[in-house]
Each structure stands twice: as structure tokens, then as C-alpha cells.
Amino acid sequence: MLRLDKLHPVISGNKWFKLKYNLEAARGRRIITFGGAWSNHILATAAACKIAGLACTGIIRGERPAVFSATLLKAQEYGMELVFVSRETYKNMLSNGGIDSNAYIIPEGGNNPEGIRGAAEILSLADTSSAHTDIICATGTGTTLAGLISSAPAHQHITGISVLKGPLTLPIAPGNWSLQHDFHEGGYAKAMPRLYDFMNDFFRQTAIPLDRVYTGKMAFAVQQLIQRQHFKPGSRLLLIHTGGLQGNDSIPPGVLCF
Ligand SMILES: *Cc1c(COP(=O)(O)O)cnc(C)c1O
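Quantities reported herein were computed from a predicted structural model and do not represent experimental measurements.

Let us look at unusual backbone geometry. A positive phi angle is found at Ala-131, which is not glycine, with a value near 50°. Among the secondary structure elements, Ala-131 is positioned in the loop between α5 (113–119) and β6 (134–139). A positive phi is found at Ala-207, a non-glycine position, where the angle reads about 60°. Taking relative accessible area as the criterion, Ala-207 reaches 52% and is therefore assigned exposed.

Moving on, we come to the packing of helix α7 (residues 193–206) against helix α8 (residues 215–227). Two elements in contact, α7 and α8, have axes separated by 10 Å at closest approach and are oriented at 85°. The orientation of α7 with respect to α8, classified from their angle, is roughly perpendicular. Residue-level contacts link Arg-194, Leu-195, Phe-198, Met-199 and Phe-202 of α7 to Gly-216, Lys-217, Ala-219, Phe-220 and Gln-223 of α8. Residues of the contact of α7 with α8, tallied by class, amount to six nonpolar, two polar and two charged.

Before going further, it helps to spend a moment on the sheet that holds strand β5 (residues 104–106). Pairing is parallel across the open sheet formed by four strands, whose spatial order is β4-β3-β2-β5. In this open sheet, the two edge strands, each paired with only one partner strand, are β4 (81–85) and β5. Taking the axes of each pair of neighbouring strands and ignoring which way they run, one obtains an average angle of 25° across the sheet. Where strand β3 (residues 56–61) meets β4, five bridges bridge the pair, whose relative direction is parallel. Across the sheet, Thr-57 pairs through a bridge with Glu-81, a residue of β4. Relative to β5, helix α1 (residues 14–26) is tilted by about 165°, and along the sheet it contacts β2 (31–35) and β5.

This brings us to the pairing of β2. Extensive coverage of β2 is indicated by the burial of five of its five residues. The alternating pattern of β2 places Ile-31, Thr-33 and Gly-35 and Ile-32 and Phe-34 on opposite faces, both of which are buried. Bridge count for β2 against β3 is five bridges, and the pairing is parallel. Following the sheet pairing, Thr-33 is matched in β3 by Gly-58. Taking the sense of rotation as the criterion, the β-α-β connection linking β2, helix α2 (residues 40–52) and β3 turns out right-handed. With three bridges joining them, β2 and β5 adopt parallel strand pairing. By the bridge assignment, Ile-32 is partnered in β5 with Ile-105.

Following the criterion strictly, the structure yields seven aromatic pairs and no others. Taking the centre distance of 6.0 Å and the plane angle of 85° together, the rings of Phe-34 and Tyr-90 count as edge-to-face. Of this pair, Phe-34 sits in strand β2 while Tyr-90 is found in helix α4 (residues 87–96), placing the two residues 56 residues apart along the sequence. Pair check on accessibility: Phe-34 and Tyr-90 agree, each one buried. An aromatic cluster is present here, built from Phe-198, Phe-202 and Phe-220 joined pairwise through their rings. Here the basic side chain of Lys-15 rests over the ring of Tyr-214, its NZ or CZ set 5.5 Å away from the ring centre.

Reading guide: rules and limits
- Numbers given to residues run from 1 along each chain, matching the order in which its sequence is written.
- Selection of residues for local features in this predicted model requires a pLDDT of at least 70, selection of side-chain atom pairs for listing and counting requires 80 or more, and totals for whole chains, interfaces and linings are taken over all residues.
- Think of the side-chain values as coming from all heavy atoms in the structure, minus any hydrogens and water.
- Only runs of H or I of at least four residues qualify as helices and only runs of E of at least two qualify as strands under DSSP, and these elements are numbered from the N terminus.
- Burial classes follow relative accessibility: with a 1.4 Å probe on protein chains only, a residue under 20% of its type's maximum area counts as buried, one over 50% as exposed, and anything between as partly exposed.
- Interaxial angle, 0 to 180 degrees, is taken between N-to-C directions of lines fitted to C-alpha atoms, where a helix line uses only the stretch in contact.
- What sets the label is the angle itself: under 35 degrees gives roughly parallel, over 145 gives roughly antiparallel, 65 to 115 gives roughly perpendicular, and the rest give oblique.
- Here, residues are in contact when the closest pair of their heavy atoms is within 4.5 Å.
- Classes in brief: Ala, Val, Leu, Ile, Met, Phe, Trp, Tyr, Cys and Pro nonpolar; Asp, Glu, Lys and Arg charged; the others, Gly included, polar.
- Pairing between strands is defined by DSSP: at least two bridges between them are needed.
- The handedness of a crossover follows from its direction of travel: if, with the strands pointing away from the viewer, the path from the first strand over the helix to the second runs clockwise, the crossover is right-handed.
- The pairing test for Phe, Tyr and Trp rings, Trp by its six-membered ring, is centres within 6.5 Å, and the orientation test on the planes gives stacked under 30 degrees, edge-to-face over 60, and tilted for anything in between.
- Two thresholds decide whether a charge sits over a ring: the Lys NZ or Arg CZ must be within 6 Å of the ring centre and within 35 degrees of the ring normal.

Structure below.
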């Protein structure tokens, strides 16, 4: 497992890679981006902008809550301006983009060419001596998957485990990659008790914490795919831990053993 969760305490995992070239492209302008109340991307952007000395605004999906999530509290602490909009306005803003023409807009989840370019650098941290046959990551927008596909050698197969219910079509040419759609455990950010059981078992066996939205589902999927003999005998799997552990703060205490 490539532990991107260990890169930085807050700008966790793949989000750091997706932000890197976006912060460069902003060239000092205010950054505006989008996300939900528990968004890893919102928190990572807030922390990265603080470090880079950039002003930033987070457009948050849904009405202003009476009690802020741990994610929003931290984002605010880092100096991010939070603007709450209804789900409908949020959708319109996502498709129309512009709010402030002087600002630099990063789409939801960091999903743009700069994000893909950054994600392509993830594999530079992998131990290439292990001769992996397969690389597996959790997939939301597909930005990370696209970056991995663009940088992995042709003999490796990249599998994205979609955390979204329903089909996800990605603008990536067919090749040495595929998507698995059956492991969303009820839909985005939904979790059944068996997912928490798996995450607890996984932690007891490996001492590796997983998050409930992405990496928990990815590792659970890999276990099931192995049981179904999906991977050829002799395969060497590299799982990407894309971070996101801060989102576990949304789980009531006592459910997870870590
Ligand atoms: C955002 C996120 C993902 C999804 O990445 P995409 O590039 O949007 O597919 C996966 N894992 C974690 C922990 C994330 O925070």
C-alpha cells in the first residue's frame, strides 16, 4: 500500500497532488473551490492556501448548518471564507463556473488538467522494485485515476473502485485500466455496518487506518475481488491509500477501533 495518508497531516493524500499545479496556476489570485461539509478537498485547499499565502473561498453545498462539521471548523481556522449555497445554486455554480472573474476557480474535487498533471506524480513515490502488476485506487471524480493511468507503464493495470452509485464515464481512452462499479456500499458517503467491520478488521491486522468514504471501500473491494479470483495468480497489487482520514470524524465515537 502506498501511504499517501502519511504525506501531510491535513493536506491529505491525493489532494496535495491535485492542488500542486492549481496553486501554481493561480499566480497569487484568490482561489475559489467547491465541496460538501465533510469534503477532504475543501480542507486540503484551505490548508494549502494558508501555506501558499493565497486567499481562498469555499462554496459549500447546502444551507449554513447551525453546528459546523469538524471539516468546516478547521477550514475556517485556516482562513478559508465559507459561502453556503442551496443544492440548486451549487449545481448552477458548478456548471457556470464564474463567480468572481478575478479569482482562480478549482473545480469540485480538483478535477481539471492541473489536477491530473499533479496526480501523475503519485507513482514517483512508489517502490518500483516490487514490480507491481496492478495499481488500485478509490475513484470519485476520476482525476487521480487519470493521473495514474497517464504515468503507469503499459504492463501495469490500473483499477479504479468507484465510490459513487451509478455509472461513471471518464474521458479517458480505453487501455490498461478499468473501473469497478459494485463496491460503493450504498452510494457516495454511505456506509453499511459491514464496511466498519471490515475497516476495524483491516486495522487490527495491518495497523493501517482507512477512511469511510474512499479507502475503506477500495480495500474492501480488493478483498472481495481477491476472493472472486479476479486477479491472476502471481499478481502483485499496489493499493493507493489516498488519505481522507479526517472524514472519519463524522462517525460516532466507538464505531471504529482506531
Ligand atoms: C478525493 C478523494 C478520492 C477521489 O479522488 P478522485 O481524484 O476525485 O477520483 C479518493 N480518496 C480520497 C481519500 C479522497 O479524499
